[in-house]
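Listed below are the residues making up each chain.
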Amino acid sequence: MNNQKRRQILERLRENNPKPETELNFSSPFELLVAVTLSAQATDVSVNKATDKLFPIANTAQTIYDLGVDGLKEYIKTIGLYNNKAINVIKACKILLDKHNGEVPEDRDALEALPGVGRKTANVVLNTAFGWPTIAVDTHIFRLANRSRFAPGKNVDQVEQKMLKVVPAEFKVDVHHWFILHGRYTCIARKPRCGSCTIEDLCDFKDKVYPEE
């Protein structure tokens with residue numbers, strides 16, 4: 001895929017969704033950090049159901065830390081891997097309180113030093129909370145980047161680096177939202193909805209799937 005075609009794809013995605021947003025509910029960088037940490041191997045819908053009950057009660061590093069692991073589990077027990085996630089969130093809150101005055105640091109190394117926070121989570125927080133031109137590659141983006149040949153790579157790190165290289169600066173802040181939403185609702189894993197895809201004519205996927213007439 002050449003850069004002209006990539007630009008056309010991005011322009012078309014921007015035209016359809018000029019201001020894309022995460023589907024996780026949050027109202028502060030801290031809430032976003034918690035929500036993204038909880039979303040690992042879980043759906044945004046399931047996370048929102050839990051945090052919609054949690055955040056009105058506790059939505060700062062101090063108030064969630066005060067819940068303790070067992071108290072936090074009561075709010076997030078409907079989410080997969082909730083035991084480990086509760087432990088990690090409480091540990092992260094402790095570090096935020098001890099080292100960052102309870103605030104989420106706008107710093108990659110500091111974010112990745114938090115339990116339960118890897119590169120992808122740090123990218124989401126830096127991008128969505130602070131407006132950095134980072135690209136968080138999840139399963140949807142990985143699939144779409146490879147299937148369309150927009151930014152093929154053998155692992156998420158390769159795809160991220162490829163996208164950072166080929167995506168023009170004007171699109172970098174929003175591209176991971178566009179790709180996540182497109183992968184979640186159109187370019188789905190088992191049977192992509194090529195017939196209703198806005199970039200179908202630009203995509204280099206050779207085995208396109210269309211509804212039976």
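As a reminder, the structure under discussion sits directly above these lines.
Because the structure is predicted, anything quoted here is derived from the model rather than measured.

**Considerations on empty space enclosed by the protein**
Link 1 in the chain: Enumeration according to the criterion identifies two cavities of 30 Å³ or more in this entry.
Link 2 in the chain: Estimated volume of the largest cavity: approximately 100 Å³.
Link 3 in the chain: Taken together, the residues of the lining of the largest cavity sort by class into eight nonpolar, three polar and four charged.
Link 4 in the chain: By volume, the second largest cavity amounts to about 60 Å³.
Link 5 in the chain: As for the second largest cavity, its lining consists of Phe30, Leu33, Val34, Thr37, Asn88, Val89, Ala92, Cys93, Leu96, Pro115 and Val117.
Link 6 in the chain: Looking at the lining of the second largest cavity, the elements with two or more residues in it are helix H2 (29-38) and helix H5 (82-99).
Link 7 in the chain: In terms of residues, the lining of the second largest cavity owes the most to one element, H5, which gives five residues.

**A word on the state of the cysteines**
Link 1 in the chain: Applying the stated criterion to the full structure yields zero disulfides.
Link 2 in the chain: Cysteine Cys187 remains unbridged, with the sulfur of Cys203 as its closest cysteine sulfur at 6.3 Å.
Link 3 in the chain: The closest cysteine sulfur to the non-disulfide-bonded Cys197 is located on Cys203, 6.5 Å from its own sulfur.

**Remarks on the nonpolar core**
Link 1 in the chain: Ranked by internal contacts, the top residues of the largest apolar core, which has 33 residues, are Phe30, Ile64, Leu72 and Leu111.
Link 2 in the chain: Counting residues per element, the ones that place at least two in this core are H2, helix H3 (44-54), helix H4 (61-76), H5 and helix H7 (119-128).
Link 3 in the chain: The element that contributes the greatest number of residues to this core is H2, accounting for seven residues.
Link 4 in the chain: For Phe30, the contacting residues outside a window of four places in its chain are Asn59, Thr60, Ala61, Ile64, Cys93, Leu96 and Val104.
Link 5 in the chain: Ranked by size, the runner-up nonpolar core spans 23 residues in total, among them Leu10, Ile141, Phe150 and Phe179.

**A word on H5**
Link 1 in the chain: The end-to-end C-alpha distance of H5 is 25 Å, a good match for the 26 Å that 18 residues give at a rise of 1.5 Å each.
Link 2 in the chain: Within H5, burial applies to Lys85, Ala86, Val89, Ile90, Ala92, Cys93 and Leu96. Looking down the long axis of H5, one finds its buried residues gathered within 160 degrees of arc, a one-sided arrangement. Within H5, the exposed residues directed more than 90 degrees away from the buried face are Asn84, Asp98 and Lys99.
Link 3 in the chain: On its buried face, H5 is in contact with H2 and H4.
Link 4 in the chain: Following H5 by one or two positions, Asn101 has its phi on the positive side, about 55 degrees.

**Describing the environment of Ile64**
Link 1 in the chain: Within the secondary structure, Ile64 sits in helix H4.
Link 2 in the chain: Exposure remark for Ile64: the relative accessible area of 0% places this residue in the buried category.
Link 3 in the chain: Linking Ile64 and Ile90, residues 26 residues apart in sequence, is a C-alpha distance of 7.1 Å.
Link 4 in the chain: Apart from the residues within four sequence positions on either side, Ile64 is in contact with Phe30, Val34, Leu54, Ala58, Asn59, Leu72, Val89, Ile90 and Cys93.

Procedures and definitions
Residues numbered from 1 in each chain as written. Predicted model: local features only at pLDDT ≥ 70, side-chain atom pairs only at ≥ 80, totals over all residues. Heavy atoms only, no water. 1 Å grid on protein atoms, 1.4 Å probe; cavity = no way out; pocket = protein on both sides within 12 Å on 5 of 7 lines; lining within 4 Å. Points joined across faces, edges and corners; volume = space filled by probe spheres on them. Nonpolar A, V, L, I, M, F, W, Y, C, P; charged D, E, K, R; others polar. Helix = DSSP H or I, 4+ residues; strand = E, 2+ residues; numbered from the N terminus. Disulfide = S-S within 2.5 Å. Core = buried A, V, L, I, M, F, W, Y, C linked by side-chain atoms within 4.5 Å. Buried < 20%, exposed > 50% of the residue type's maximum accessible area, 1.4 Å probe, protein only. Contact = heavy atoms within 4.5 Å. Expected span 1.5 Å × (residues − 1). Arc of directions from axis to C-beta.

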